[in-house]
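What the coordinates show
Residue-level listing of the chains:
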Amino acid sequence: MTSDPSEVLKLRPRPRLLLVDDETGNIQVLYRIFRESCEVFFASNAEEALAFCRKDPPDLVLSDIVMPGMDGLALCRALKQDPETRDLPVIFVTAQQTPQEEGEALASGAVDFISKPVNPVVVRARGETHLTLKAQADLLRSMVFLDGLTGVANRRRFDEVLDAEWRRSRRQRHSVALAMIDLDHFKALNDTCGHQAGDLCLQAVARALAERVRRSHDLVARYGGEEFACILPVDADGCVTMVRQFRYAFGEEIWE
């Protein structure tokens with residue numbers, strides 16, 4: 001895997017873009033602008049957009065301001081108040097044009113303000129700029145949250161994800177499981193074979209876990225020392241199945 005941030009950005013999957021507008025024609029215009037470069041989703045009102053973002057946050061939101069019920073400003077403020085969506089960039093694409101209206105939009109937490117009728121070149125350029133900034137910020141955050149030895153998530157990341165998944169499970173009424181893995185006799189391995197051998201063992205365990213925990217909401221973390229933790233949004237039976245796979249990996253693969 002490359003460690004060059006520019007190369008990592010090139011390898012990222014297609015960005016996910018959410019368009020929010022109660023006018024179908026406006027959504028169609030924006031869809032034609034971004035359909036080649038992004039995976040595009042739609043919401044016809046702010047409430048629907050908020051639910052979508054909380055369930056599976058996109059990389060960028062392009063939203064109208066004036067909509068029935070909750071307006072775009074309220075949507076943006078709600079996103080910024082939620083720890084799970086506060087880093088999500090919002091661009092307003094609106095018929096509003098006055099400096100006061102633009103100031104209110106930016107004060108709500110938006111990163112940009114584009115007046116209709118839109119210029120496709122300008123909208124595409126601004127959208128791609130904020131998608132690149134979002135990808136760079138995500139990359140930097142991920143590097144802060146990685147364990148330097150094993151490459152899996154560190155304890156800080158584990159604590160954040162566990163809190164988020166617990167709140168998500170309560171809100172959506174689904175199960176979340178936690179698997180703890182502690183390596184027995186690890187001190188004896190270090191004392192007998194040296195710390196380099198211990199490091200190689202930890203890396204092998206982390207690799208075996210990461211190869212089996214691949215869903216978007218799953219997490220493998222180094223909990224501390226020779227302890228690992230896996231957050232698995234599954235029920236008890238699903239957790240037992242995953243742990244059996246871990247035991248097979250440790251018994252059949254790591255020590256070959």
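Before going into details, it helps to say that this report is about the structure given with it. (Residues numbered from 1 in each chain as written. Predicted model: local features only at pLDDT ≥ 70, side-chain atom pairs only at ≥ 80, totals over all residues. Heavy atoms only, no water.)

Okay, the side chain of Q96 next. With respect to the helices and strands, Q96 occurs in the loop between β4 (90-94) and α5 (99-107). On the accessibility criterion, Q96 (19% relative accessible area) is buried. Sequence-distant contacts of Q96, that is, excluding residues within four places in its chain, are made with I65, V66, E101, F113 and S115. (Helix = DSSP H or I, 4+ residues; strand = E, 2+ residues; numbered from the N terminus. Buried < 20%, exposed > 50% of the residue type's maximum accessible area, 1.4 Å probe, protein only. Contact = heavy atoms within 4.5 Å.)

Relative orientation of the contacting elements helix α3 (residues 46-55) and helix α4 (residues 72-81) amounts to 20°, with a least axis distance of 10 Å. Here α3 is positioned roughly parallel relative to α4, judged by the angle of their axes. Seen along the crossing, α3 lies across α4 with a hand that is right-handed. Residues A46, A49, L50 and C53 of α3 lie in contact with α4, whose contacting residues are L75, A78 and L79. Counted by class, the contact of α3 with α4 contains seven nonpolar, no polar and no charged residues. (Axes fitted to C-alpha atoms, helices over the stretch in contact; angles between N-to-C directions. Parallel < 35°, antiparallel > 145°, perpendicular 65-115°, else oblique. Left-handed = near helix turned anticlockwise from the far one by under 90°. Nonpolar A, V, L, I, M, F, W, Y, C, P; charged D, E, K, R; others polar.)

Inspection of the entire model under this criterion finds 17 salt bridges. Between R126 and D112 there is a salt bridge, with its nearest N and O atoms 3.3 Å apart. Residue R126 is found in helix α6 (residues 120-144), and its partner D112 is found in strand β5 (residues 112-115); the two are separated by 14 residues along the sequence. For R126, a relative accessible area of 33% puts it in the partly exposed group. Overall, the relative accessible area of 14% leaves D112 in the buried class. With a shortest N-O distance of 3.4 Å, D147 and R222 are connected by a salt bridge. Of this pair, D147 sits in the loop between α6 and α7 (155-172) while R222 sits in strand β7 (residues 219-224), and the two are 75 residues apart along the sequence. Exposure remark for R222: the relative accessible area of 17% places this residue in the buried category. A single network of salt bridges, built from pairs that share partners, joins E84, D163, E165, R167, R168 and R171. (Salt bridge = Lys/Arg side-chain N within 4 Å of Asp/Glu carboxyl O.)

Below, the discussion takes up the pairing of β7. Across five bridges, β7 lies against strand β8 (residues 227-232) in antiparallel orientation. Each residue of the ladder has a partner; that of R222, found in β8, is F228. Counted along the chain from β7 to the antiparallel partner β8, the turn is two residues long, and its residue G225 has a positive phi close to 60°. (Pairing = 2+ DSSP bridges.)

The pairing of strands in a sheet happens through backbone hydrogen bonds and is either parallel or antiparallel. Across the sheet, which stays open at both edges, the three strands sit in the order β6-β8-β7 with antiparallel pairing between neighbours. With partners counted over all chains shown, the strands left at the sheet margins are β6 (177-182) and β7, one partner each. Sheet twist, expressed as the mean angle between neighbouring strand axes with direction ignored, is 25°. The strands touched by α7 within the sheet are β6, β7 and β8, with β7 carrying the most contacts at an inclination of about 130°.

Quick look at the sheet that holds β5 now. Read across the sheet, five strands follow the order β2-β1-β3-β4-β5 without closing on themselves; strand pairing throughout is parallel. At either end of the open sheet lies a strand with only one pairing partner, and these are β2 (39-43) and β5. Between one strand and the next, the sheet's axes are offset by a mean angle of 20°, whatever the strand orientation. Of the pairings in the sheet, the one linking strand β3 (residues 60-63) to β4 comprises three bridges and is parallel in character. Paired with V61 across the two strands is V90, which belongs to β4. Across the sheet, α6 lies against β3, β4 and β5, angled at about 165° from β5, the strand it touches most.

Turning to the pairing of β5, a few remarks are in order. By the bridge criterion, four bridges tie β4 to β5 in an arrangement that is parallel. Within β5, the residue paired with T94 across the bridge is S115. Once the chain exits β4 it traverses α5 before rejoining the sheet at β5, and the crossover so formed is right-handed. (Right-handed = clockwise from strand over helix to strand, strands pointing away.)

As a further point, take the packing of aromatic side chains. By the definition in use, this model includes three aromatic pairs. Ring geometry for F158 against Y223: centres 5.3 Å apart, planes inclined by 90°, an arrangement best described as edge-to-face. With F158 in helix α7 and Y223 in strand β7, this pair connects stretches of sequence that are 65 residues apart. For F158, a relative accessible area of 3% translates into the label buried. Assessed through its relative accessible area of 25%, Y223 is described here as partly exposed. (Phe/Tyr/Trp six-rings, centres within 6.5 Å; stacked < 30°, edge-to-face > 60°.)

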